[in-house]
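Listed below, chain by chain, are the residues.
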Amino acid sequence: MIENENSNNNDSARPTDFVREIVADDLKSGKWDGRVVTRFPPEPNGYLHIGHAKSICLNFGIAAENPGGLCHLRFDDTNPTKEEAEYVESIIEDVRWLGWDWGEHLYYASDYFQQMYDYAVQLIKAGKAYVCDLSADEMREYRGSLTSPGKDSPHRDRAVDENLDLFERMKAGEFPDGSRVLRAKIDMASANVNLRDPIMYRILHAEHHRTASEWCIYPTYDWAHGLEDSVEKITHSVCTLEFENHRPLYDWFLDALGVYHPQQIEFARLNLTRTVMSKRKLLELVEAGLVNGWDDPRMPTISGLRRRGYTPGAIREFCRRIGVAKFNSTVDIALLEHCLREDLNKRSPRVMGVLRPLRVVIDNYPEGQAEELEAINNPEDPSAGTRNVPFSKVLYIEREDFMEEPPKKFFRLAPGREVRLRYAYFITCTDVIKDADGEIVELHCTYDPATRGGDSPDGRKVKATLHWVSAEHSIPAEVRLYDYLLKEKGGLTPQRGTSAGVCTPFSAADWKSNLNPDSLEVLTDCRVEPSLAAAVPGSRYQFERLGYFCTDPDSSEDKLVFNRTASLRDTWAKIQKKQKK
């Protein structure tokens, strides 16, 4: 399902990639009896980010593109120490916001805990699993390395009956955390370390967000992953590339049990510049108070992007453009911003707001008079119509739009210079008022009544058009200017099996030193046109000449708050032009 807001002109362009080619070939051969069933299986240990959006759009997109296709939303809730109901709710909200619907197919790994336990008993009885008492340090030592084989656990040859008894007692809660695990009996000399008797169950006396204290042993991801897919009759289990070396284990478990066996396919995850793509690192930022929660507009989380003003359609289009590949690469965040600007340019109403106000008095404008001037709501959408903006004797313009001693290429307002006020009149600066410290506090100007609407009857031209608001009619507002989370061009992305990440050009060890200290600037004395009085949280606008802005949930009747979503400058478009040259 795609909601109206999520649609864009490119939704009809069906993507092509190697995963979709596999699906198409399977449909032709009848491999899965004409079925296409995918799944998106997040672990509820944090909020989803833009990298997850790529997987969401791929899995739900494949299902939507094929008649009768289904995509399940399944929570891999196998680690009670890190999972919370809050994360479950946020994930459901984010996937729906992106425009996808799973219908009745909402599942949890915890739905299958008993079935997974029964399967484990089946492997024990077949002599393919055993209870091991080695400590974590001993297990690492016995595992070997990439260049040397491991060695058998002293408990590897326990009798089946003893293993069954110990496993049952593990389930009953007789043993403390970490004292025993259940391991698969595969091959300690395998070149693939994932096959060196991997752990299937560990003891964790912890409250689970759904099953409470019913269980005190929990399956590992490698054990649970394939079983969940098998139970749900998934056809194509699409994972990110770090699971490629785990595929032989996925296959081994399903083959050893003799159960339904989906096909696992790996694709390259999204790496993005100027931000952090590791859930663990994002959690660090939240817990350390370095950002204002998971939905801070500087965060790459879907909730953060939503609060900043991103649209579902822009994110979906970004995911379509970057495509799906087999090899890791890094995408410039400028492409994400380009997709955003394309979408917002089409749908955003134009308004005028002044972020750093400078008072302007029109000396020859009648005292006490005000008039309504017609302004275009969206030049990209004629059906959006027009609105009226009030004009009066005293106005505010941007402080940066005036220079007392302008350099050669500065064409905006200066002493003796004439400029156009958007939708209004030509004005000329006649005087500059300063305070005791020499700070400019007010300008005096004259206006030409014949230029109403912004054109001169005598055909004279001006080199600049400024935005403005009426001092009497404008509304005070707070504006939050957001910039990149990281200073440098590189980005931090998660690496399977490590606590840090892959980080370029800066190192993972000092990643916090690359946080941008100027990622947020709060302006509290802004003024916006009165049409914004009714702006509700989530409303998106283009502030003329300034950029795209979104009404923040912190807004109230007493104080409007806007977040800058993106500036008007399009870095990606400039990059493309240079490449063409």
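The structure this text deals with has already been given above.
Per chain, residue numbering runs from 1 following the sequence as it is written. Selection of residues for local features in this predicted model requires a pLDDT of at least 70, selection of side-chain atom pairs for listing and counting requires 80 or more, and totals for whole chains, interfaces and linings are taken over all residues. Values shown for side chains rest on all heavy atoms present in the structure; no hydrogens or waters enter the calculation.

Observations concerning the overall build of the chain
- A run of H or I in DSSP counts as a helix once it spans at least four residues, and a run of E counts as a strand once it spans at least two, with each numbered from the N terminus. From N to C terminus, the chain includes 13 helices and 29 strands.
- Throughout this description, buried means an accessible area under 20% of the type-specific maximum (1.4 Å probe, protein chains only), exposed means over 50%, and partly exposed covers the range between. Across the 581 residues of the chain, 55% fall into the buried class.
- Across the chain, the fraction of contacts at a sequence separation of at least 24, relative to all contacts at a separation of at least 6, is 72%.
- Put simply, the chain shows about 25,600 Å² of open surface, and 47% of that area lies on carbon and sulfur atoms.
- The charge count includes Lys and Arg as positive and Asp and Glu as negative, but it does not include His or the ends of the chains. To locate a charge, the coordinates of NZ of Lys, CZ of Arg, CG of Asp or CD of Glu are taken. Distance between charge centres in the chain, computed from 76 positive and 92 negative side chains, equals 6 Å. Note on contacts: a residue pair qualifies if any of its non-hydrogen atoms lie within 4.5 Å across the two residues. In short, Shrake-Rupley with a 1.4 Å probe defines the accessible areas, and a residue's cover is counted only from the protein chains shown.

Things to note about the packing of aromatic side chains
- Each Phe, Tyr or Trp ring, with Trp reduced to its six-membered ring, pairs with another whose centre is within 6.5 Å; inter-plane angles below 30 degrees give stacked pairs, above 60 give edge-to-face pairs, and intermediate values give tilted ones. Evaluation of the coordinates by the stated rule reveals 22 aromatic pairs.
- Aromatic side chains Tyr 47 and Tyr 87 sit 5.8 Å apart centroid to centroid with 85 degrees between the ring planes, which places their arrangement in the edge-to-face category. Of the two residues, Tyr 47 is situated in the loop between β1 (37–40) and α2 (50–65) and Tyr 87 in helix α3 (residues 85–97); the sequence distance between them amounts to 40 residues. Like Tyr 47, the residue Tyr 87 is buried in the burial classification.
- Through a chain of ring-to-ring contacts, three or more aromatic side chains come together here, namely Phe 113, Tyr 117, Phe 167, Tyr 201, Trp 215 and Tyr 218.
- Distance and angle both matter: a charge sits over a ring if NZ of Lys or CZ of Arg is within 6 Å of the ring centre and within 35 degrees of the ring normal. Positioned over the ring face of Tyr 117 is Lys 171, at 5.4 Å from the centre of the ring.
- One cation-aromatic arrangement involves Arg 306 over Trp 97; the distance from NZ or CZ to the ring centre is 5.1 Å.

Re the environment of Gln 369
- Take Gln 369: it is sitting in the loop between β14 (357–362) and β15 (370–376).
- Classification of Gln 369 as partly exposed rests on a relative accessible area of 35%.
- For the pair formed by Gln 369 and Glu 400, sequence separation is 31 residues and the distance between their alpha carbons is 27 Å.
- In this structure Gln 369 touches Phe 391, Ser 392 and Lys 393, once residues within four positions along its chain are discounted.
- Only 3.2 Å separates the side chain of Gln 369 from the side chain of Tyr 365, close enough to count as a polar contact. In protein, a polar contact means a hydrogen-donor-capable atom and an acceptor-capable atom, both N or O and within 3.5 Å, with residues adjacent in sequence counting only if both atoms are side-chain atoms; elsewhere, any N or O pair within 3.5 Å suffices.

Some words on the side chain of Asn 563
- For Asn 563, the position within the fold is in strand β29 (residues 560–566).
- For Asn 563, a relative accessible area of 0% gives the class buried.
- When sequence neighbours within four positions are dropped, the list of residues in contact with Asn 563 reads Pro 297, Arg 307, Arg 308, Arg 480, Tyr 482, Tyr 548, Phe 549, Cys 550 and Asp 552.

Topic: the sheet that holds strand β6 (residues 199–203)
- Spatially, four strands are ordered β4-β5-β6-β7 in an open sheet, and the strand pairing comes out antiparallel. Looking along the sheet, the strands with just one partner apiece sit at the ends: β4 (129–132) and β7 (217–219). Neighbour-to-neighbour, the strand axes of the sheet open up by a mean angle of 20 degrees, direction not taken into account.
- For two strands to be treated as a pair, DSSP must find at least two bridges joining them. Summarising the sheet, strand β5 (residues 181–184) and β6 pair through three bridges and their orientation is antiparallel. Bridging from a neighbouring strand, Leu 182 pairs with Tyr 201 of β6. Angles run from 0 to 180 degrees between N-to-C directions of axes, and those axes are lines fitted to C-alpha atoms, restricted for helices to the stretch in contact.

Quick look at the packing of helix α7 (residues 221–231) against helix α8 (residues 247–257)
- Between α7 and α8, the least distance of the axes is 9 Å, while the angle of their chain directions is 60 degrees. Taken together, the axes of α7 and α8 lie oblique to each other. In this structure, α7 crosses over α8, and the sense of that crossing is right-handed. Contact with α7, carried on its side by Asp 222, Trp 223, His 225, Gly 226, Leu 227, Asp 229 and Ser 230, involves Leu 249, Tyr 250, Phe 253, Leu 254 and Leu 257 of α8 and no other residues of that element.
- Charged means Asp, Glu, Lys or Arg here, nonpolar means Ala, Val, Leu, Ile, Met, Phe, Trp, Tyr, Cys or Pro, and polar covers whatever is left, Gly included. Class assignment of the residues belonging to the contact of α7 with α8 gives a composition of seven nonpolar, three polar and two charged. For this classification, under 35 degrees means roughly parallel, over 145 means roughly antiparallel, 65 to 115 means roughly perpendicular, and everything else is oblique. Working rule for handedness: look at the near helix, and if it is turned counterclockwise from the far one by less than a right angle, call the crossing left-handed; if clockwise, right-handed.

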